[in-house]
Amino acid sequence: MAREIHHFINGKAFEGSSGRWGDVFDPNTGEVQARVQFATEAEVAKAVAIAEAAQPAWAAVNPQRRARVMFKFKQLLEENMDELARMLASEHGKVVADAKGDVQRGLEVIEFACGIPHLLKGDYTEGAGPGIDVYSMRQPLGVVAGITPFNFPAMIPMWMFGVAIACGNAFILKPSEKDPSVPVRLAELMLEAGLPEGILNVVHGDKVAVDAILTHPDIKAVSFVGSSDIAQHVYSTGTAHGKRVQAMGGAKNHGIILPDADMDQVVKDLVGSAYGSAGERCMALPVAVPVGDDTAEKLIDKLMPEIEKLKPGHSTDPDAAYGPVVTAAHKAKIEQYIQMGVEEGAKLLVDGRGFELQGHEKGFFIGPSLFDRVTPQMRTYQEEIFGPVLQIVRARDLEEAARLPSEHQYGNGVAIFTRNGLAAREFAAKVNVGMVGINVPIPVPVAYHTFGGWKRSAFGDTNQHGPEGVKFFTKIKTVTQRWPTGEVADQAFVIPTMQ
Ligand code: NAD
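Our subject in this report is the structure included herewith. (Residues numbered from 1 in each chain as written. Predicted model: local features only at pLDDT ≥ 70, side-chain atom pairs only at ≥ 80, totals over all residues. Heavy atoms only, no water.)

**Section: the site of the ligand**
- Around the ligand lies a shell of 29 residues, among which Lys174, Glu177, Ser227, Gly249 and Glu384 are the nearest.
- Taking Phe150, its main chain carries an N or O atom lying 3.0 Å from an oxygen atom of the ligand.
- Surface burial for the ligand is 88%, taken as the share of its 840 Å² of free accessible area covered by protein chains.
- At the level of secondary structure, the elements contributing two or more residues to the shell around the ligand comprise α8 (207-215) and β11 (219-225).
- Tallied by class, residues from the shell around the ligand come to 14 nonpolar, 10 polar and 5 charged. (Near = heavy atom within 4 Å. Polar contact = N/O pair within 3.5 Å; in protein donor to acceptor, adjacent residues only side chain to side chain. Areas by Shrake-Rupley, 256 points an atom, 1.4 Å probe, with all protein chains shown as cover. Helix = DSSP H or I, 4+ residues; strand = E, 2+ residues; numbered from the N terminus. Nonpolar A, V, L, I, M, F, W, Y, C, P; charged D, E, K, R; others polar.)

Next comes the structure, spelled out in C-alpha cells:
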C-alpha cells in the first residue's frame, strides 16, 4: 500500500473522505511513492471555519511575539534542512543541493517576516488640523489562502504564508498535488515553532479545492503561483467573488548577449540557468538572443562542449547537473515540444530525447536540448516549454533583440550580458518585463525586495513578498482624531477642508 498524505487542519493530520486521490511519484524511479488526498468543497470549508475561529486571537498577539514564532521557525528550518531537501528532491526530482536552495530562498522570506513589528508600523501626523491628529495602521485581512505550483514546493508557500501569518492572518495552503509532503512538513514545523493550531492549514487537491477557495465568502485574499491560464482563472474567479487576488503565471525569459559580453561567463550562466532544475523554473533562461551572427557562432562554439558535459542524474547524486522532470506526462510534453521545434524548422543542435539513466530506465529523465535558428513566429518560441531546452533566436542588433522579450506574451524575467553600462541601463529602463538581470542570469530579487512579472506572467497589481507582500496581506485603516477641549465647535454642513 502506498503511503498516504493527508490534509493538515487545526494542527493535526486530517483524513478526508472524498475518496479522490492523486499519485505522488518518485521521478527518479518512475514509481508511485505515495498518494495524496483531494479535498471536497466541504473539507475546504471546514479548514476555513477553523482558521476563522483561530485568527482573532493570533491577530491580537503583539507583533514582536508573532515575530518570535518566525525566528524559531527559521531555526527549525535550518535544523531540518537536510530532511526537507531530501523529501523535496524525492517528490520533485531536483537535485538535493538545489532543493536546499528552494528551502533557503523560502527561509529568507521568513527572515524578512521576522521584521514584522517594524513593517507594520503606521504613519502619524500630529496637528493635521486644529487639535486633530491622523494616524494609519495596517490590519490583517482575516483568513487568506495560497495556491502553489510544483516547482518550488518550499520557497513559494513560504513567500506567501511567511508574510501573511506574520501580519496576523490565518492561512489556507493548497500546495501542488505533485509534491505535497514538504508543505505539510512546513506546517508541522510552524506549529513546533509556537504557531497556534488552526492558523496554518494545508488542504490538498485539484480544481475542486481551488474553486472552493476562490468562491468561499470568508477567504479575503488569494495568492496564486502557477501557469498562466490557471492564474487567469484564479484571478477572474477570485476577484469576481470579492477577494484580493495576486496570480503569478508562466514565463519565457530571454538572455540577450551583446558582442562585448564575457562569453566564457555567459556560457556558464546560460548552461546553469537553462538546464538547472531541468528547466523547471519560472526564472529559467530558455531563450538566448545573441546579437549579430559572429556572437551567435562564438556562443554556439563554446556552448556545445559544455552541454555535452552535462549529466542528468539521480536527485541524490552530488555530481548530477540536474535530476528528472516531475512526471511522465511532463516529460512527454517537453519531448513533443522538441519534435514541434524540428517540424517548425528550427535547427536541433543537441537532442535530449531518448536519454536513459542506467539503473533508472523508468525515471523521468531527459537530456539537454539546444535549438538554433528559432524565430518569433514559432509556437515553440511563443509557448513555455518548462524543460531542459535552450532556444537560440538570432538578432541583428540590440533594438531587434530588445523587442523580443518586450513583445512576448510573458514578461517575467530577462537578462542582458554586456560590458556596456549605458546600453544595459537603457535596456533595463525600457524593457517591458518585470525583473531584469544585468550580467545576472536568474534575477530573482532578494526577499526584502519583491518578486513579480508583467503581462501574462502576473495578474493583479502586487508582487510577492517584501513590502508588497505586507501590503497584499493587510488592509490600511486611517484614523482622524480630535479630543474634546470643552469648546463647542459649530455644526458644519460643508465638507471640512484644509483651506
Ligand atoms: P499549474 O498551473 O498546473 O498548477 C498550479 C496550481 O494550480 C496547483 O496547486 C494546481 O493544483 C492548481 N491547478 C492546476 N490545474 C487547475 C485547474 N484546472 N483549476 C484550478 N486549479 C488548478 O502549474 P505547475 O505545473 O504546478 O507549475 C508550473 C507553472 O508555474 C509554470 O508555468 C511556471 O512558469 C509557473 N511558475 C510561475 C512562477 C511565477 O512567479 N511567475 C513561479 C513558479 C512557477
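**A few points about the sheet that holds strand β23 (residues 474-482)**
- The 3 strands are arranged β6-β7-β23 in an open sheet whose pairing can be described as antiparallel. With partners counted over all chains shown, the strands left at the sheet margins are β6 (124-129) and β23, one partner each. For this sheet, the mean inter-axis angle between neighbouring strands, taken without regard to orientation, is 30°.
- By the bridge criterion, 9 bridges tie strand β7 (residues 132-140) to β23 in an arrangement that is antiparallel. Across the sheet, Ile132 pairs through a bridge with Arg482, a residue of β23. (Pairing = 2+ DSSP bridges. Axes fitted to C-alpha atoms, helices over the stretch in contact; angles between N-to-C directions.)

**Notes on the sheet that holds strand β19 (residues 413-417)**
- In spatial order, the strands read β15-β16-β17-β14-β13-β19-β20; together these 7 strands make up an open sheet with mixed pairing. At either margin of the open sheet sits one strand with a lone partner, and together these are β15 (347-350) and β20 (435-438). When the angles between neighbouring strand axes are averaged without regard to direction, this sheet yields 20°.
- With 3 bridges connecting them, strand β16 (residues 369-372) and strand β17 (residues 389-392) associate as parallel partners. Paired with Phe371 across the bridge in β17 is Gln391.
- Packed onto the sheet, helix α12 (residues 328-344) meets β15, β16 and β17 and runs at close to 25° relative to β16.
- Lying over the sheet, helix α14 (residues 398-407) contacts β13 (254-257), β14 (287-290) and β19, oriented at roughly 170° with respect to β13. (Contact = heavy atoms within 4.5 Å.)

**Brief notes about the packing of aromatic side chains**
- Applying the stated rule across the entire model yields 9 aromatic pairs.
- Ring centres 4.6 Å apart and planes at 40° place the aromatic pair Trp159 and Phe451 in the tilted group. Here Trp159 is found in helix α6 (residues 155-166), whereas its partner Phe451 is found in the loop between β20 and β21 (454-455), with 292 residues between them in sequence.
- When its relative accessible area of 3% is taken as the criterion, Trp159 is described as buried.
- Aromatic side chains Phe171 and Phe473 sit 6.4 Å apart centroid to centroid with 65° between the ring planes, which places their arrangement in the edge-to-face category. Residue Phe171 is found in strand β9 (residues 170-174), and its partner Phe473 is found in the loop between α16 (466-472) and β23; the two are separated by 302 residues along the sequence.
- Counting every residue linked through ring pairs, the aromatic cluster contains Phe73, Phe161, Phe171, Phe472 and Phe473.
- Directly above the ring of Trp21 sits Arg35, whose terminal nitrogen or CZ lies 3.8 Å from the centroid.
- The ring of Phe152 has Lys94 sitting right over it, with the charged end atom 4.0 Å from the ring centre. (Phe/Tyr/Trp six-rings, centres within 6.5 Å; stacked < 30°, edge-to-face > 60°. Buried < 20%, exposed > 50% of the residue type's maximum accessible area, 1.4 Å probe, protein only. Lys NZ or Arg CZ within 6 Å of the ring centre and 35° of its normal.)

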